Amino acid sequence: MPGTIRITRSHKLATAVLVAAGSVTAIVATGGQSDAQPAAAKTSIAAEKVAGVPTAKEAAAKKAAQETAAKKAAAAATAKKAVAERKAAAEKAVADRKAAAKKSAEKARSEKQAANRSTERKAVAAPKQYKNNLDGWIRESLDIMKKKNIPGSYEGLHRNIMRESSGNPNAVNDWDINAQNGIPSKGLLQVIQPTFDAYHVNGTPKKLTDPVANITAAANYAADKYGSIDNVDSAY
């Protein structure tokens, strides 16, 4: 008949399958709550593990591990920096001590050199000191005689002085021929003025009765006439 659908065996089997599927769906849909929640949880876990994506717990653990590692690295860097700073400070302290010691040594050396120069200047500037007595006059005369290459010894000078004046620098002979001629012998070695003027030694006072001038002029005269004052044993 037109418009009539002919149901074959194949149609019947397909209908049976559909009915069975619907029944299963109904059973699942009307199942207890305890069965639906595990299924949902499994579905969620499965969804999170899709394509290697870590779970929230794994991500939190990874983040905590990264933070711990960062803190350890920062602590290690701080410790390393502190060690470097302590080392630098120690090296600086050693360098400062060496510099201070060097500066101190240089200062001491400079002061010593200055002191030496001062001593040398004083030695050059300060004349030798002699006692103002017969011993000092003879010693000063001997130093001058040595510089002027005038021969004579302490013994020779002292012996003749004691014979001529007894060591009195102001002694005057007012009775001999020289005195009678108006040129009396004077001083330690009884020298007359013309002889003193002729044999005066430069660097000594030009005064006949000056002890050193008198001795050096007499020694100069004796060296010229007798070879040395040491060779004189009487009036000369």
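In every chain, residue numbers begin from 1 and rise along the written sequence. With pLDDT at 70 or above as the cut-off, local features in this predicted model cover only qualifying residues; side-chain atom pairs require 80 or more to be listed or tallied, and sums for whole chains, interfaces and linings still use all residues. Derived side-chain values reflect all non-hydrogen atoms in the structure, with water molecules and hydrogen atoms excluded from consideration.

A. Focus on the pattern of salt bridges. A pairing counts as a salt bridge when a side-chain nitrogen of Lys or Arg comes within 4 Å of a carboxyl oxygen of Asp or Glu. Throughout the structure, instances matching the rule amount to six salt bridges. Taking the shortest distance from any N to any O, the salt bridge between Arg-139 and Asp-135 comes out at 3.1 Å. One end of the pair, Arg-139, and the other, Asp-135, are both in helix 4 (residues 134–147), four residues apart, so they sit about a helical turn from each other. Only protein chains enter the accessibility calculation, which uses a 1.4 Å probe; a residue is then buried when its area is under 20% of its type maximum, exposed when over 50%, and partly exposed in between. Take Asp-135: its relative accessible area is 26%, and that puts it in the partly exposed class. Taking the shortest distance from any N to any O, the salt bridge between Arg-159 and Asp-233 comes out at 2.6 Å. With Arg-159 in helix 5 (residues 154–164) and Asp-233 in the segment after helix 8 (211–226), this pair connects stretches of sequence that are 74 residues apart. A relative accessible area of 56% means that Asp-233 is categorised as exposed. Three or more residues are tied together by salt bridges with common partners; here these are Glu-155, Arg-159 and Asp-233. Secondary structure counts use DSSP, requiring at least four H or I residues in a row for a helix and at least two E residues in a row for a strand, with both numbered from the N terminus.

B. Examining the packing of helix 4 against helix 8 more closely. Angles shown run from 0 to 180 degrees and are taken between the N-to-C directions of axes, each axis being a line fitted to C-alpha atoms and, for helices, limited to the stretch in contact. One way to put it is that helix 4 packs onto helix 8 with a least axis distance of 9 Å and a crossing angle of 50°. With respect to helix 8, the axis of helix 4 lies oblique. For helix 4 against helix 8, the interelement crossing comes out right-handed. Contacts from Trp-137, Ile-138, Glu-140, Ser-141, Ile-144 and Met-145 of helix 4 reach helix 8 at Pro-211, Val-212, Ile-215, Thr-216 and Ala-219. Residue polarity follows a fixed list, in which Ala, Val, Leu, Ile, Met, Phe, Trp, Tyr, Cys and Pro are nonpolar, Asp, Glu, Lys and Arg are charged, and the others, Gly among them, are polar. Split into classes, the residues belonging to the contact of helix 4 with helix 8 amount to eight nonpolar, two polar and one charged. Comment on the angle field: the value is read as roughly parallel under 35 degrees, roughly antiparallel over 145, roughly perpendicular from 65 to 115, and oblique elsewhere. Whether a crossing is left-handed or right-handed is set by the direction in which the near helix is turned from the far one by less than a right angle, anticlockwise for left-handed and clockwise for right-handed. Throughout, a contact is declared for two residues whenever any of their heavy atoms are within 4.5 Å.

C. Looking closely at the packing of aromatic side chains. To pair, rings of Phe, Tyr and Trp, with the six-membered ring standing in for Trp, must have centres within 6.5 Å; the planes then decide the type, stacked if under 30 degrees apart, edge-to-face if over 60, and tilted in the middle. Inspection of every chain in the model, using the stated rule, returns two aromatic pairs. Seen in terms of ring centroids, Tyr-199 and Tyr-221 are 5.3 Å apart; in terms of plane orientation they differ by 80°. Their pairing is edge-to-face. With Tyr-199 in helix 7 (residues 193–199) and Tyr-221 in helix 8, this pair connects stretches of sequence that are 22 residues apart. Judged by relative accessible area, which is 17%, Tyr-199 ranks as buried. Residue class for Tyr-221 comes out buried when judged on its relative accessible area of 18%. Following the ring pairs from residue to residue traces out a cluster consisting of Tyr-199, Tyr-221 and Tyr-236.

D. Spatial organisation of the packing of helix 4 against helix 5. Look at helix 4 against helix 5: their axes get within 10 Å of each other, and the N-to-C directions meet at 130°. Classed by the angle they form, the pair helix 4 and helix 5 counts as oblique. Considering only the axes of helix 4 and helix 5, their crossing is right-handed. Here Leu-134, Asp-135, Ile-138, Arg-139, Leu-142 and Met-145 of helix 4 lie close against helix 5, whose contacting residues are Tyr-154, Leu-157, His-158, Ile-161 and Met-162.

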